[in-house]
Number of protein chains: 2
Amino acid sequence: MKNIIAHLDKAFESRVRLGIMSMLMVNESVDFKTIKETLDVSDGNLASHLAALEKKEYINITKQFIERKPNTSYSLSPAGRLAFKKHLEALEALIGK
Amino acid sequence: MKNIIAHLDKAFESRVRLGIMSMLMVNESVDFKTIKETLDVSDGNLASHLAALEKKEYINITKQFIERKPNTSYSLSPAGRLAFKKHLEALEALIGK
DNA sequence: AATTCAACTTTGCATTACAAAGTACTTTTA
DNA sequence: TAAAAGTACTTTGTAATGCAAAGTTGAATT
């Protein structure tokens, strides 16, 4: 039993980022407002977590207008999906044994 | 899909505390040195994480001498075991759906 | 022209994580 | 018996993080 937490990704330590990634795992894309309301966080806080995930290139951002209102939606990048899968596997390895 | 991260326990957000709790879930008791080496953290850092878990009354501490050396070992309190179980259930709910 | 809305960015503060150094107690070694 | 070593801390200091609140931007509505 050595180095059992080394494979946990620091990017997914926070509850908010865990929530974002989970939403994006099961939805092709989710918009800012939906994430904000689902996780019940302030918009500034959410923006900073999204920025952190974007910086790591774990998510893609699409800005457009829907019904003449700005709408920003997010989706997982392949790297993000992989990283999150690895993180979940590390979590399982940690607690399932 | 509402408030999906509300049931995650803040006490278990950090990798180190997640590691500590996991070790204690599968071992009746684990001593300081073993935790330190398994998680590869500095002793000061580990001590502070353990203190945080102790403050929440999630773990019990037993100090004794083994082979004439000081030995501090840790075990889960019932509350700690319950809280961690709830946390894991919340995690599963988050990612398994 | 003023207001509203979405999605930020900035600011500022409080908390946290961490390493490194220092401490206390005991045992071992010289 | 004095010095060194080992365990488990505690203290100190710093850098990173989390967060709310307020400010910003650009387009749409009134």
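For the structure given in this document, a descriptive report is provided here.

**Notes on the pairing of strand S3 (residues 69–76) of chain A**
All names here are of chain A. Across the eight residues of S3, six count as buried, placing the element largely inside the fold. Pairing of strand S1 (residues 30–31) with S3, which is carried by two bridges, proceeds in the antiparallel orientation. Counterpart to Asp-31 in the pairing with S3 is Ser-73. Judged from the eight bridges that link them, strand S2 (residues 59–66) and S3 form a sheet pairing that is antiparallel.

**Points about the protein's contact with DNA strand D**
Close to DNA strand D lie 19 residues, the nearest being Ser-42 and Arg-68 of chain A together with Asp-43, Lys-63 and Tyr-74 of chain B. Taking the atoms of DNA strand D that fall within 4 Å of the protein, sugar and phosphate contribute 80% of them. The side chain of Tyr-74 of chain B places a nitrogen or oxygen atom 2.5 Å from a phosphate oxygen of DNA strand D. Those elements that place two or more of their residues in the surface near DNA strand D are helix H1 (15–26) and helix H3 (43–55) of chain A together with helix H2 (32–39), helix H3 (43–55) and strand S3 (69–76) of chain B. Considering every element that reaches the surface near DNA strand D, the biggest residue donor is S3 of chain B, with four residues.

**Thoughts on the interface of chain A and chain B**
Opposite the 27 residues of chain A that make contact, chain B presents 27 residues. Summed over both partners, the interface of chain A with chain B comes to about 2,400 Å²; 68% of that surface belongs to carbon and sulfur atoms. On the surface where chain A and chain B come into contact, there are two salt bridges. A salt bridge links Arg-15 of chain B to Glu-13 of chain A; its shortest N-O distance comes to 2.9 Å. For the interface between chain A and chain B, the tally reads two residue pairs in polar contact (both at pLDDT 80 or more). For the side of chain A that touches chain B, the elements supplying multiple residues, two or more each, are H1, helix H2 (32–39) and helix H4 (78–95) of chain A. Counting residues per element, the side of chain A that touches chain B draws most heavily on H1 of chain A, at seven residues. Among the residues forming the side of chain A that touches chain B, the class breakdown is 14 nonpolar, six polar and seven charged.

**Quick word on a negative patch on the surface**
Side chains of Glu-89 and Glu-92 of chain A together with Glu-89 and Glu-92 of chain B sit close together on the surface and give a patch of like negative charge. Tracing the backbone shows Glu-89 of chain A in helix H4.

**A closer look at the relation of the copies chain A and chain B**
Of the two same-sequence chains, chain A is brought onto chain B (RMSD 0.1 Å, axial shift 0.0 Å) by a rotation of 179°. Overall, the copies show the geometry of a two-fold rotation axis. Within chain A, Glu-13 of chain A has its C-alpha nearest the rotation axis, a separation of 2.9 Å. Residue by residue, 100% of the interface of chain A is reproduced at the interface of chain B, so both copies engage with the same surface.

**Quick word on the sheet that holds strand S1 (residues 30–31) of chain B**
Pairing in this open sheet of three strands is antiparallel, and the strands run S1-S3-S2 (chain B) from one edge to the other. Every interior strand has two partners, whereas the edge strands, S1 and strand S2 (59–66) of chain B, have only one.

**Re the sheet that holds S1 of chain A**
Across the sheet, three strands lie side by side as S1-S3-S2 (chain A); this open sheet has antiparallel pairing. Whereas interior strands pair on both sides, the edge strands pair on one side only; in this sheet they are S1 and S2 of chain A.

**A few points about H4 of chain A**
With 18 residues, H4 of chain A extends 26 Å between its outermost C-alpha atoms, agreeing within 8% with the 26 Å of an ideal straight helix rising 1.5 Å per residue. Elements that come into contact with the buried residues of H4 of chain A comprise H1 of chain A together with helix H1 (15–26) and helix H4 (78–95) of chain B.

**Quick notes on the environment of Met-21 of chain B**
Locating Met-21 of chain B in the fold gives a position in helix H1. Among all residues touching Met-21 of chain B, those that are not within four sequence positions of it are Phe-12, Leu-53, Ile-59, Leu-76, Gly-80 and Phe-84 of chain B.

**Quick word on the protein's contact with DNA strand C**
DNA strand C sits among 20 residues. The nearest are Asp-43, Lys-63 and Tyr-74 of chain A together with Ser-42 and Arg-68 of chain B. Protein-adjacent atoms of DNA strand C, using a 4 Å cutoff, are sugar or phosphate at a proportion of 80%. A distance of 2.9 Å separates a sugar or linking oxygen of DNA strand C from a polar backbone atom of Pro-70 of chain A. A distance of 2.5 Å separates a phosphate oxygen of DNA strand C from a polar atom in the side chain of Tyr-74 of chain A. Ranked by residues supplied to the surface near DNA strand C, first place goes to S3 of chain A with four residues. Residues of the surface near DNA strand C, tallied by class, amount to six nonpolar, eight polar and six charged.

Quick notes on the rules
- Residues numbered from 1 in each chain as written.
- Chains lettered and ligands numbered in written order.
- Predicted model: local features only at pLDDT ≥ 70, side-chain atom pairs only at ≥ 80, totals over all residues.
- Heavy atoms only, no water.
- Buried < 20%, exposed > 50% of the residue type's maximum accessible area, 1.4 Å probe, protein only.
- Helix = DSSP H or I, 4+ residues; strand = E, 2+ residues; numbered from the N terminus.
- Pairing = 2+ DSSP bridges.
- Near = heavy atom within 4 Å.
- Polar contact = N/O pair within 3.5 Å; in protein donor to acceptor, adjacent residues only side chain to side chain.
- Contact = heavy atoms within 4.5 Å.
- Buried area = accessible area lost by both parts, 1.4 Å probe.
- Salt bridge = Lys/Arg side-chain N within 4 Å of Asp/Glu carboxyl O.
- Nonpolar A, V, L, I, M, F, W, Y, C, P; charged D, E, K, R; others polar.
- Patch = residues over 30% accessible without salt bridge, like charges linked within 9 Å, V, L, I, M, F, W, Y side chains within 5 Å.
- Areas by Shrake-Rupley, 256 points an atom, 1.4 Å probe, with all protein chains shown as cover.
- Lys, Arg positive; Asp, Glu negative; His and termini not counted.
- Charge placed at Lys NZ, Arg CZ, Asp CG, Glu CD.
- Least-squares fit on C-alpha atoms with pLDDT ≥ 70 in both.
- Expected span 1.5 Å × (residues − 1).

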